[in-house]
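Read off the chains here:
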Amino acid sequence: MWAYESVFYQIYPLGFCGATFDNPSAPITAEDRNAGIKPKHSGENHSILKVIDWIDHLKRLNINAIYFSPLFESDTHGYNTRDYTIIDSRIGTNDDFKQVVDKLHEAGIKVVLDGVFNHVGRDFFAFQDLKENRENSPCRDWFCNVNFWGNNEYGDGFSYDNWGGYNLLVKLNQRNGAVQEHLFDAVRMWVREFDIDGLRLQVDLKDIGPAPEAQRTADLIADRAEAADLLSLAENLRALVRMEETLLRPLVGELHKQGLCDRVRDPLDGDRKSTRLN
């Protein structure tokens, strides 16, 4: 696997491109998304193209792989995703990013994207539909432990599981078939149209299980993306050291105490709540 021989350089695109913190673009509704409508780009900002200007510098550093931190359209900082199929409109268009990937590949530099598939932002189309249609929403099971008897600081009239105790990060129910297909469709698109070389997966190893299950997860991602050599990488490199001898395809897992629809923990405040999806 090429990753074992690579020198990675990490870029946080929103910071690299000097993006504003809040995304001024109007979020896409579920109805518009199903109709194929994409967020409008002002046509003024194509700052992701700056990466091309850095290629010579990267080559001088012997860099041969770039890991892009959150790149998808998001509400603010990149981890509260609005749309998995476009790059953030504050830094450019998909066509811009295609130019970047092509130039990087010409220079012999692999491209790994940040697959923030654990949670989404409140302007994600399915969550917007949930807020509008509540119990009648076809997306009500897209999220973990939605409780219409609860509430939150946003006054939604329902509660839900989040990441890290922060309700701006809505936890996806990754056991839901529609959610899985939505994420696989996005991965396939980035592989087919952009020829990306890997994904960093935000996933807890506790959700995947020991090495054999982790291997199957990595294989499934690559198979569904129809990319046999797709790198599946997650957050904590210590896991790779532990599992390296048993995994044929690198998959690195996040090792904090949070589990899928299980326990939400804040490192400063302790447990915020403990719930489980049955």
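Presented here is a report on the structure given in the accompanying data block. (Residues numbered from 1 in each chain as written. Predicted model: local features only at pLDDT ≥ 70, side-chain atom pairs only at ≥ 80, totals over all residues. Heavy atoms only, no water.)

## A word on the side chain of Thr81
Looking at where Thr81 falls in the secondary structure, it is placed in strand S4 (residues 81-87). Take Thr81: its relative accessible area is 0%, and that puts it in the buried class. The contact partners of Thr81, leaving out residues within four places of it in the chain, are Phe72, Glu73, Ser74, Val116, His119, Val120, Gly121 and Phe124. (Helix = DSSP H or I, 4+ residues; strand = E, 2+ residues; numbered from the N terminus. Buried < 20%, exposed > 50% of the residue type's maximum accessible area, 1.4 Å probe, protein only. Contact = heavy atoms within 4.5 Å.)

## A look at the pattern of salt bridges
Taken as a whole and judged by the stated rule, the model has 11 salt bridges. One salt bridge connects Asp75 with Arg82, and the closest N-O pair in it is separated by 2.7 Å. By the burial criterion, Asp75 is buried, and Arg82 matches it. Here Lys110 ties to Asp197 by a salt bridge, and the two come within 3.9 Å at their closest N and O atoms. One end of the pair, Lys110, is in strand S5 (residues 110-115); the other, Asp197, is in the loop between helix H7 (177-194) and strand S9 (198-201), with 87 residues separating them in the sequence. (Salt bridge = Lys/Arg side-chain N within 4 Å of Asp/Glu carboxyl O.)

## A look at the packing of helix H5 (residues 94-106) against H7
For the pair H5 and H7, interaxial distance at closest approach is 10 Å and the crossing angle is 60 degrees. If you check the angle between H5 and H7, you find them oblique. Where H5 abuts H7, its residues Asn94, Phe97, Lys98, Val101 and His105 lie against Met189, Trp190, Glu193 and Phe194. Its residues assigned to classes, the contact of H5 with H7 comprises five nonpolar, two polar and two charged. (Axes fitted to C-alpha atoms, helices over the stretch in contact; angles between N-to-C directions. Parallel < 35°, antiparallel > 145°, perpendicular 65-115°, else oblique. Nonpolar A, V, L, I, M, F, W, Y, C, P; charged D, E, K, R; others polar.)

## Section: the sheet that holds strand S7 (residues 162-163)
Within the open sheet, the three strands sit side by side as S6-S8-S7. Their pairing is antiparallel. Strand pairing shows two members of the sheet lacking a second neighbour, strand S6 (119-120) and S7, which therefore form its edges. Across two bridges, S7 lies against strand S8 (residues 166-171) in antiparallel orientation. Residue pairing in the sheet places Asn162 in a bridge with Val170 of S8. (Pairing = 2+ DSSP bridges.)

## With respect to unusual backbone geometry
If you check the backbone angles, Arg134 has positive phi at about 50 degrees while not being a glycine. Within the secondary structure layout, Arg134 lies in the loop between helix H6 (125-133) and S7. For Asp195, which is not glycine, the phi dihedral falls at a positive 55 degrees. Relative to the helices and strands, Asp195 is located in the loop between H7 and S9. Exposure remark for Asp195: the relative accessible area of 47% places this residue in the partly exposed category.

## Looking at the side chain of Asp75
Structurally, the position occupied by Asp75 is in the loop between strand S3 (72-74) and S4. A relative accessible area of 10% places Asp75 in the buried class. Among the polar contacts made by the side chain of Asp75, one reaches the side chain of Arg82 at a distance of 2.7 Å. Excluding anything up to four places from it in sequence, Asp75 contacts Phe21, Asp22, Asn23, Asn80, Arg82, Arg90, Gly121, Arg122 and Asp123. (Polar contact = N/O pair within 3.5 Å; in protein donor to acceptor, adjacent residues only side chain to side chain.)

## Considerations on the packing of aromatic side chains
The final tally for this structure, using the stated rule, is 17 aromatic pairs. When the ring of Phe72 is compared with that of Tyr84, the centres are 5.7 Å apart and the planes differ by 80 degrees; the resulting orientation is edge-to-face. Here Phe72 is found in strand S3, whereas its partner Tyr84 is found in strand S4, with 12 residues between them in sequence. Phe72 sits in the buried class, given a relative accessible area of 3%. Residue class for Tyr84 comes out buried when judged on its relative accessible area of 1%. Measuring from ring centre to ring centre gives 5.2 Å for Tyr84 and Phe117, while their planes differ by 70 degrees; the resulting arrangement is edge-to-face. (Phe/Tyr/Trp six-rings, centres within 6.5 Å; stacked < 30°, edge-to-face > 60°.)

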